[in-house]
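A structural walkthrough
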Amino acid sequence: MFELIKTLTQTFGPSGYEKRVAETISKLLKDKVDEIRTDALGNLICVKKGTGKKIMLAAHMDEIGIIVSYIDEKGFLRFGNIGGLPPLIIMGQRVKFENGTVGVIWYEENIDNMKNAKIEKMYIDIGATSREDAEKLVQVGDLAVFVGETVEQNGKIISKSLDDRVGCAILVKLAQSKTKTDNEIYYVFSTQEEVGLRGARTAAFGIVPDMALAIDVCDTGDTPSCKPMAVHMGDGPTVKIKDRSVIAHPEVKDRLINAARKKKIPYQLEVMMDGGTDAGSIHITAGGIPSGGVSIPTRFIHDSSEMADMKDIENAVKLLAELIK
Ligand code: CO
Ligand code: ZN
């Protein structure tokens, strides 16, 4: 599992440019499912055929990043955000473009109050000495992602882009496990979640499943002076009750809880006040789709060093295997 997550987290794929991730997953699932297709928005849809209910499991392939908006005469890049980027945690971070060019995010040092350290006051230095020099490597409109090694330590995984490559890894493992079921399972690796849950919307419209789940990360309430939240890293995957984008369908929630109890899999109830998931766009697609979610409790979400517990990840695979039966 660790190697799989490492491969997926280190593959370039900011919102709208998920192609490399899709190719990696396609290769992994080539002989494991009955059909693999890609829709116009780039969603990768892997189908395990069946005669029962249609179940859609979605994990987003895209990761947060930056987009170059302007290159000044000295070769410094100005940029905008792709997904949610808290200014205080991106300062000093390293970013990497698809062609391998590396840059450092820094800020205009005449800022007195760090609360004013807005993205508009930051720039990326790629070591260029002029605009022409910079343009040999980077163009306006190019996207870059954060750099962050993937390591396993104390049973935890620390990496960039666990959001949501860890969800992708869980679905890959589940599809590879060949769980016996009559249901038709749609493993959907969605695009553009970080910029507004976009890919999952068209994917769900194309499938119209009987039930859908978003597999993603959620916050935890177990670090010093954090906001109170009844979710702890390592206490099991969560059964989503609510996030900012969706109120889980009661029946979906109950099915997940029953599956966890039956197999004695630890689980936690998730009420996340910030942040949405693909379930947010799926449940209001077509005539409405009963939706919910399973999340991996993750610390430091959207930092280049997100942290999750390997046990929670393994248990999420088990929980989903029981549910899709
Ligand atoms: Co995210
Ligand atoms: Zn996510």
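Let us now look at the overall build of the chain. For the chain, the count of helices and strands is nine helices and 17 strands. Its C-alpha radius of gyration of 20 Å places the chain within 12% of the 20 Å reference for a compact globule of 325 residues. Here the C-alpha coordinates of the chain stretch approximately 60 × 45 × 40 Å along the principal axes. A buried classification covers 54% of the 325 residues belonging to the chain.

In terms of domain boundaries, the chain breaks down into domain 1 (2-63 + 160-324) and domain 2 (66-146). Just the C-alpha atoms count here: the centres of domain 1 and domain 2 sit 31 Å apart. Between domain 1 and domain 2, the residue contacts involve twelve residues of the former and twelve residues of the latter. Each partner contributes to the roughly 1,100 Å² buried at the junction of domain 1 and domain 2, and carbon and sulfur atoms together form 63% of this total. Interface area lost by domain 1 to domain 2 is led by Phe 12, His 302 and Ser 304, which between them contribute 41%. The interface formed by domain 1 and domain 2 includes one salt bridge. Note that Arg 20 is salt-bridged to Glu 98, the shortest N-O span being 3.0 Å. In this structure, the connection of domain 1 to domain 2 is made through four residue pairs in polar contact (both at pLDDT 80 or more).

What follows covers the coordination of the cobalt ion (ligand 1). Within the protein, the cobalt ion (ligand 1) binds to Asp 163 (OD), Glu 194 (OE), Glu 194 (OE) and His 302 (NE2); these donor distances fall in the range 1.8 to 2.6 Å. Here the cobalt ion (ligand 1) binds four donor atoms, and the angle range of 55 to 147° at the metal identifies the geometry as irregular. Sequence spacing among the residues donating to the cobalt ion (ligand 1) works out to D-x30-E-x107-H. Separating the cobalt ion (ligand 1) from the zinc ion (ligand 2) is a gap of 3.3 Å, bridged by Asp 163, which donates to each. Within this pair, whereas Glu 194 is found in the loop between strand 12 (184-190) and helix 6 (198-207), its partner His 302 is found in the loop between strand 16 (291-299) and strand 17 (306-309), the two being separated by 108 residues in sequence. The pair Glu 194 / His 302 is uniform in exposure class, with both members buried.

So, on to the coordination of the zinc ion (ligand 2). Ligation of the zinc ion (ligand 2) by protein atoms is provided by His 60 (NE2), Asp 163 (OD), Asp 216 (OD) and Asp 216 (OD), these donors lying 1.9 to 2.6 Å from the ion. For the zinc ion (ligand 2), the four donor atoms in the first shell make angles of 51 to 143° at the metal, so the coordination geometry reads as irregular. Read from N- to C-terminus, the donor residues coordinating the zinc ion (ligand 2) fall into the pattern H-x102-D-x52-D.

Attention shifts here to the pairing of strand 5 (residues 77-82). Pairing of strand 4 (residues 65-71) with strand 5, which is carried by six bridges, proceeds in the antiparallel orientation. Bridging from a neighbouring strand, Gly 65 pairs with Ile 82 of strand 5. Where strand 4 hands over to strand 5, the hairpin turn is made up of five residues, of which Gly 75 adopts a positive phi near 95°.

All right, on to the pairing of strand 16 then. By the criterion of burial, strand 16 is predominantly enclosed, with nine of the nine residues buried. In strand 16, alternate side chains face the same way, and those of Ser 291, Gly 293, Ser 295, Pro 297 and Arg 299 on one face and Gly 292, Val 294, Ile 296 and Thr 298 on the other are all buried. As paired elements, strand 13 (residues 211-218) and strand 16 share seven bridges and run parallel to each other. Opposite Asp 216, over in strand 16, you have Ser 295 as the bridge partner. Sheet analysis places strand 16 next to strand 17, joined by two bridges and oriented antiparallel. Opposite Arg 299, over in strand 17, you have Met 307 as the bridge partner. Taking the residues that link successive antiparallel strands as the turn, the strand 16-strand 17 hairpin has six residues, and the phi of Phe 300 there is positive, at about 60°.

So, on to the environment of Trp 106. Among the structural elements, Trp 106 can be located in strand 7 (residues 102-107). The exposure class of Trp 106 is partly exposed, given its relative accessible area of 34%. The spacing of Trp 106 and Ile 282 is 176 residues in sequence and 38 Å in space, taken between C-alpha atoms. Residues within four places of Trp 106 in sequence aside, it is in contact with Gly 92, Met 122 and Tyr 123. Within the structure, the side chain of Trp 106 is placed 2.5 Å from the side chain of Glu 109, a separation counted as a polar contact.

We now examine helix 5 (residues 162-176). An ideal rise of 1.5 Å per residue puts 21 Å on 15 residues; helix 5 measures up with 20 Å between its terminal C-alpha atoms. Counting buried residues in helix 5 gives 13 out of 15 residues, a clear majority hidden from the surface. A positive phi of about 50° marks Lys 178, the residue just after helix 5.

Let us now look at the side chain of Asp 163. Along the chain, Asp 163 turns up in helix 5. Here Asp 163 occupies a buried position and makes no salt bridge, while the nearest side chain of opposite charge, Arg 165, is found at 8.5 Å. There is a polar contact of 2.9 Å between the side chain of Asp 163 and the side chain of His 60. Asp 163 has contacts with His 60, Asp 62, Glu 63, Glu 194, Asp 216, Val 217, Ile 301, His 302 and Glu 306, leaving out every residue within four places of it along the chain.

Thresholds, definitions, all that
- Residues numbered from 1 in each chain as written.
- Chains lettered and ligands numbered in written order.
- Predicted model: local features only at pLDDT ≥ 70, side-chain atom pairs only at ≥ 80, totals over all residues.
- Heavy atoms only, no water.
- Helix = DSSP H or I, 4+ residues; strand = E, 2+ residues; numbered from the N terminus.
- Rg over C-alpha atoms; globule rule 2.2 N^0.38 Å.
- Buried < 20%, exposed > 50% of the residue type's maximum accessible area, 1.4 Å probe, protein only.
- Domains from an automatic or database assignment.
- Contact = heavy atoms within 4.5 Å.
- Buried area = accessible area lost by both parts, 1.4 Å probe.
- Salt bridge = Lys/Arg side-chain N within 4 Å of Asp/Glu carboxyl O.
- Polar contact = N/O pair within 3.5 Å; in protein donor to acceptor, adjacent residues only side chain to side chain.
- Donors = N, O, S within 2.8 Å, 3.2 Å for Na, K, Ca; no water.
- Tetrahedral: all angles 85-135°; square planar, octahedral: opposite > 155°, others 65-115°.
- Pairing = 2+ DSSP bridges.
- Expected span 1.5 Å × (residues − 1).
- Lys, Arg positive; Asp, Glu negative; His and termini not counted.

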